[in-house]
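One letter stands for each residue in the lines below.
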There are 2 protein chains.
Amino acid sequence: MLDDRKLAVLRAIVEDYVSTNEPVGSKALAERHNLKVSPATVRNDMAALEEEGYITQPHTSAGRVPTDKGYRLFVDRLSQVKPLSGAERRAIETFLAGAVDLDDVVTRTVRLLAQLTRQVAVVQYPTLNRSTVRHVELVPLNDRRVMFVLITNTGRVEQRVVELPEAIDDTRIAHLRAVLNACLDGCGLSSVPELVADLPERLAPEDRPAAATILSVLLETLVERHDEKIVFAGAANLAGADFTTGLRDVLEALEEQVVLMRLLGETTNDTPSALTVRIGSENPYLRGTSIVATGYGSGDNQLARLGVLGPTRMDYPVTMGAVRAVARYVSQILAAS
Amino acid sequence: MLDDRKLAVLRAIVEDYVSTNEPVGSKALAERHNLKVSPATVRNDMAALEEEGYITQPHTSAGRVPTDKGYRLFVDRLSQVKPLSGAERRAIETFLAGAVDLDDVVTRTVRLLAQLTRQVAVVQYPTLNRSTVRHVELVPLNDRRVMFVLITNTGRVEQRVVELPEAIDDTRIAHLRAVLNACLDGCGLSSVPELVADLPERLAPEDRPAAATILSVLLETLVERHDEKIVFAGAANLAGADFTTGLRDVLEALEEQVVLMRLLGETTNDTPSALTVRIGSENPYLRGTSIVATGYGSGDNQLARLGVLGPTRMDYPVTMGAVRAVARYVSQILAAS
DNA sequence: CTTGGCACTCGGGAACACAGAGTGCTAGAC
DNA sequence: GTCTAGCACTCTGTGTTCCCGAGTGCCAAG
């Protein structure tokens, strides 16, 4: 049904349309790419491609434009991820290397990716899921309040102020801290709930109410912050592009963590480090946009996802190259720290 | 030069233009507001106002539009800050009351303000400047690396990983921690540099290199993070409005911390809790936008600034009311925690 | 299967007219 | 002196028409 030449025509259409943003006609196609056939032949092929739903024409007697299905075929079979230039690689490396803490890594990453792709970049904070507890700290604020700080091996810090049910002095706080650390140090966050389940019973009776309160806050922190935080950058890059769905919708989605999360996609599939590309209507919300995303994290310990969001008419090979490269470098940085 | 009626005309022009987004003519003006004079009289007044530079006409034979100078006069003399409705007040209170930590307070505040004003809201994180040290924590990661955590009385937490020049064991870390805390606990951040100046000399010689490294990171943290962090929300509200300067420029400015900082204005003036309004060309960058901002913080301990950014054609009384109210509630929340 | 030719179809831009809103000015009324 | 009514004038925005050209689909010939 689709011989090699038809595929070549489709590829040419996608490439031309992406670079010119104008429907591409048979004549221009036959000229610019050396297809070695006449425009008429190209027209026949285009008619076939349109029949199959890979391309469409905005109005009669305009050139053709790829459909979502056309982009899909292009991404899956007709294109290769384009590696970055040496200069770009070095720029990434030096830019990310300057980060001082986890927040900084994430902020730099998202900006870098936005600048590199000239699209909107989205980065999910590393989830607590596979992290391990590095340290638990209890800081007495006054006799009824304690600040609870949880530090993980990924450099993430969570803090909460806990209101205690009754006054408690510093030595008992210190005792609690020691017990907590002895119990949790180095343990995976997902195993924390089991580990602390019987903790109050192992304490002196007078410490139990305070311990129970602190533990409930601890568990709450683990649940609530679970892969929730997402940041984006490069919204200015949206200004030029035109979306079928309004610009407003896109901006709203970007500020809605939940939607953004859904868009980035679940990392639970078999090969989380593979590039995911969702094109136009394949997206749950925001039909008019495409998303290129991938998991990142140190080694096989997959932590979270990052990617870019842009118009369906996007340079997929370049974008995929940038996303993949940035994900690798960030993973490297995180593994080192 | 400007009698009462001319001022009333100016006020009417601003109000009408803000609500309709169309140049307002003499006839409509005389009708809608009961000025009790004929359109011809209004026209004479408008001519005078234009002469003085308060209004202008986009083209001959279109209605008049306020100039920046016109808005300025309106804000300064012709309008009153509009208080919020009871329902709005309650909504603010309940929404902010649910915050669990400082991050959460800031995030909720910026979203609330964006929703309330239907503009872009901008909130600066409370500066470390007037905060005091609540606790310093050193967590050994391995024998050459320590995580350094600084907790302030405003609930802010700063952390850094420090590479030590030489291996150091846990007991020495604990000693350093105790010394640091004894030295700094409860002190204002601005006085930290003096307090730690001679600290290494008071330690055992073998601890000095490690201490010096940690202290340099501590000082660096204080300087770098100094009122740097700013967040915004409500970018989607820009989608409708049209700016003289492109939408792209506004979005770029929003992602540029430094520019945003300049726009929010310095809090160093005499009465930081007063509302600041910068209209159009009064802004350092971004000529086409207006900014309504104010300081917030607990009591006379001014912490940082927040505000909204929108088109010059903005409902100033309502916006100012919302900004003022939110600032007050946030201050209250921060004082309580 | 490919190619050249040809009639057909639209979209988009240029030219044009026109209605309507708004103004400035002048002369008269209070 | 101040306000009002009337009037001529000047625009912009819109709707209409027209035409060019790009691009197509189809057909017949190579």
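Residues numbered from 1 in each chain as written. Chains lettered and ligands numbered in written order. Predicted model: local features only at pLDDT ≥ 70, side-chain atom pairs only at ≥ 80, totals over all residues.

When you look at the sheet that holds strand E6 (residues 157-163) of chain B in this model, what are you seeing that I'm missing?
In sheet architecture, strand pairing relies on hydrogen bonds along the backbone and comes in two forms, parallel and antiparallel. Residue and element names in this part refer to chain B. With respect to topology, 3 strands assemble into an open sheet ordered E4-E5-E6, the strand pairing being antiparallel. With one partner strand each, in any of the chains shown, strand E4 (133-142) and E6 form the two edges of the open sheet. Neighbouring strand axes in the sheet, compared pairwise and without regard to direction, differ in orientation by 15° on average. Alignment of E4 against strand E5 (residues 145-152), held across 8 bridges, turns out to be antiparallel. Bridging from a neighbouring strand, His-135 pairs with Ile-151 of E5. (Pairing = 2+ DSSP bridges. Helix = DSSP H or I, 4+ residues; strand = E, 2+ residues; numbered from the N terminus. Axes fitted to C-alpha atoms, helices over the stretch in contact; angles between N-to-C directions.)

Can you walk me through the protein's contact with DNA strand D in this structure?
Residues in contact with DNA strand D amount to 20 residues; listed here are only the nearest, Gly-25 and Ser-26 of chain A together with Val-37, Thr-41 and Ser-61 of chain B. Sort the elements by how many residues they give to the surface near DNA strand D and helix H3 (residues 39-52) of chain A lands first, with 4 residues. In terms of residue class, the surface near DNA strand D is made up of 7 nonpolar, 10 polar and 3 charged. (Near = placed C-beta within 6 Å. Nonpolar A, V, L, I, M, F, W, Y, C, P; charged D, E, K, R; others polar.)

Would you take a moment to explain helix H4 (residues 68-78) of chain B for this structure?
Along an α-helix, a turn takes 3.6 residues, which lines up residues three or four apart on a common side. All names here are of chain B. When H4 is considered as a whole, its buried residues turn out to be Gly-70, Tyr-71, Leu-73 and Phe-74. One side of H4 carries all its buried residues, which in axial view fall inside an arc of 160°. Contact partners of the buried residues in H4: helix H1 (4-20), strand E1 (55-56), strand E2 (65-66) and helix H12 (316-336). (Buried ≥ 20, exposed ≤ 12 C-beta atoms within 10 Å, placed from the backbone. Arc of directions from axis to C-beta. Contact = placed C-beta atoms within 7 Å.)

It is not clear to me how the relation of the copies chain A and chain B should be interpreted in this structure. Could you clarify?
Superposition of chain A onto chain B requires a rotation of 180° combined with a translation of 0.0 Å along the rotation axis, giving an RMSD of 0.1 Å. Considering both components of the superposition, the chain copies are consistent with a two-fold axis. Both copies present the same face, since 100% of the interface residues in chain A are matched by interface residues at the equivalent positions in chain B. (Least-squares fit on C-alpha atoms with pLDDT ≥ 70 in both.)

Would you mind going over the protein's contact with DNA strand C with me for this structure?
In the vicinity of DNA strand C lie 20 residues, with Thr-41, His-59 and Ser-61 of chain A together with Gly-25 and Ser-26 of chain B positioned nearest. With 4 residues, the top contributor of residues to the surface near DNA strand C is helix H3 (residues 39-52) of chain B. In terms of residue class, the surface near DNA strand C is made up of 7 nonpolar, 10 polar and 3 charged.

What am I meant to see in the environment of Val-136 of chain B here?
Residues and elements named next belong to chain B. By the secondary structure assignment, Val-136 is in strand E4. What makes Val-136 buried here is the crowd of 23 C-beta atoms within 10 Å. Residues Val-136 and Ala-210, 74 residues apart in the sequence, show an inter-C-alpha distance of 16 Å. Apart from the residues within four sequence positions on either side, Val-136 is in contact with Leu-150, Arg-177, Leu-180, Asn-181 and Leu-184.

Quick question: what am I supposed to make of the environment of Ser-190 of chain B here?
Mapped onto the elements of the fold, Ser-190 of chain B is located in the loop between helix H7 (170-184) and helix H8 (192-197). With 33 residues separating them along the chain, Ser-190 of chain B and Val-223 of chain B place their C-alpha atoms 9.7 Å apart.

Please clarify how the nonpolar core should be interpreted in this entry.
The tendency in soluble globular proteins is for nonpolar side chains to be buried as a group. Among the nonpolar cores identified, the biggest contains 129 residues, and Val-122 of chain A together with Val-122 of chain B are the most heavily contacted of them. The residues contacting Val-122 of chain B, other than those within four sequence positions of it, are Ile-230, Phe-232, Leu-260, Leu-264, Leu-306, Gly-307, Val-308 and Leu-309 of chain B. Counting 43 residues, the second largest nonpolar core, distinct from the first, contains Ile-151 and Leu-189 of chain A together with Val-149 and Leu-189 of chain B. (Core = buried A, V, L, I, M, F, W, Y, C linked by C-beta atoms within 7 Å.)

Sorry if this is basic, but what is going on with the packing of helix H5 (residues 86-97) of chain B against H12 of chain B here?
When two helices pack together, their arrangement is given by the angle between their axes and by how far apart the axes lie. All names here are of chain B. H12 packs onto H5 with a crossing angle of 35° between their chain directions and a minimal axis gap of 10 Å. The element H5 and its partner H12 pack so that their crossing is right-handed. Within the contact between the two elements, H5 uses Arg-89, Ile-92, Glu-93 and Leu-96 and H12 uses Ala-325, Val-326, Tyr-329, Val-330 and Ile-333. (Left-handed = near helix turned anticlockwise from the far one by under 90°.)

Looking at this structure, I do not really get the interface of chain A and chain B. What am I missing?
Put simply, an interface is often sized by how much accessible area is lost when its parts join up. Between chain A and chain B, the residue contacts involve 27 residues of the former and 27 residues of the latter. Elements with a minimum of two residues in the side of chain A that touches chain B: strand E4 (133-142), strand E5 (145-152), strand E6 (157-163) and helix H10 (247-255) of chain A. Residues belonging to the side of chain A that touches chain B are distributed by class as follows: 14 nonpolar, 6 polar and 7 charged.

Mind showing me how you'd approach the sheet that holds E6 of chain A here?
All names here are of chain A. Overall, antiparallel pairing links the 3 strands, which are arranged E4-E5-E6 in an open sheet. Looking along the sheet, the strands with just one partner apiece sit at the ends: E4 and E6. Pairwise comparison of adjacent strand axes, ignoring direction, gives a mean angle of 20° for this sheet. Of the strand pairs in this sheet, E5 and E6 are connected by 7 bridges, and their pairing is antiparallel. The residue of E6 that forms the bridge with Arg-145 is Glu-163.

Could you clarify how one ought to interpret unusual backbone geometry in this entry?
Working note: non-glycine residues mostly have negative phi, and peptide bonds are mostly trans. A positive phi is found at Ser-61 of chain A, a non-glycine position, where the angle reads about 60°. For Ser-61 of chain A, the location among the structural elements is in the loop between strand E1 (55-56) and strand E2 (65-66).

Sorry, what's going on with the pairing of E4 of chain B here?
For E4 of chain B, the buried fraction is high: 7 of the 10 residues fall into the buried class. A loop of 2 residues connects E4 of chain B with E5 of chain B, the two strands running antiparallel in sequence.

Whenever I open this one, the packing of helix H5 (residues 86-97) of chain A against helix H6 (residues 102-117) of chain A confuses me. Can you help?
Residue and element names in this part refer to chain A. Put simply, H5 and H6 touch, their axes get as near as 10 Å, and they point 155° apart. On the basis of their axis angle, the class for H5 and H6 is roughly antiparallel. The element H5 and its partner H6 pack so that their crossing is right-handed. Taken together, the residues of H6 that come into contact with H5 (itself represented by Glu-88, Ile-92, Phe-95 and Leu-96) are Val-105, Arg-108, Thr-109, Leu-112 and Leu-116. Among the residues making up the contact of H5 with H6, the classes are represented as 6 nonpolar, 1 polar and 2 charged. (Parallel < 35°, antiparallel > 145°, perpendicular 65-115°, else oblique.)

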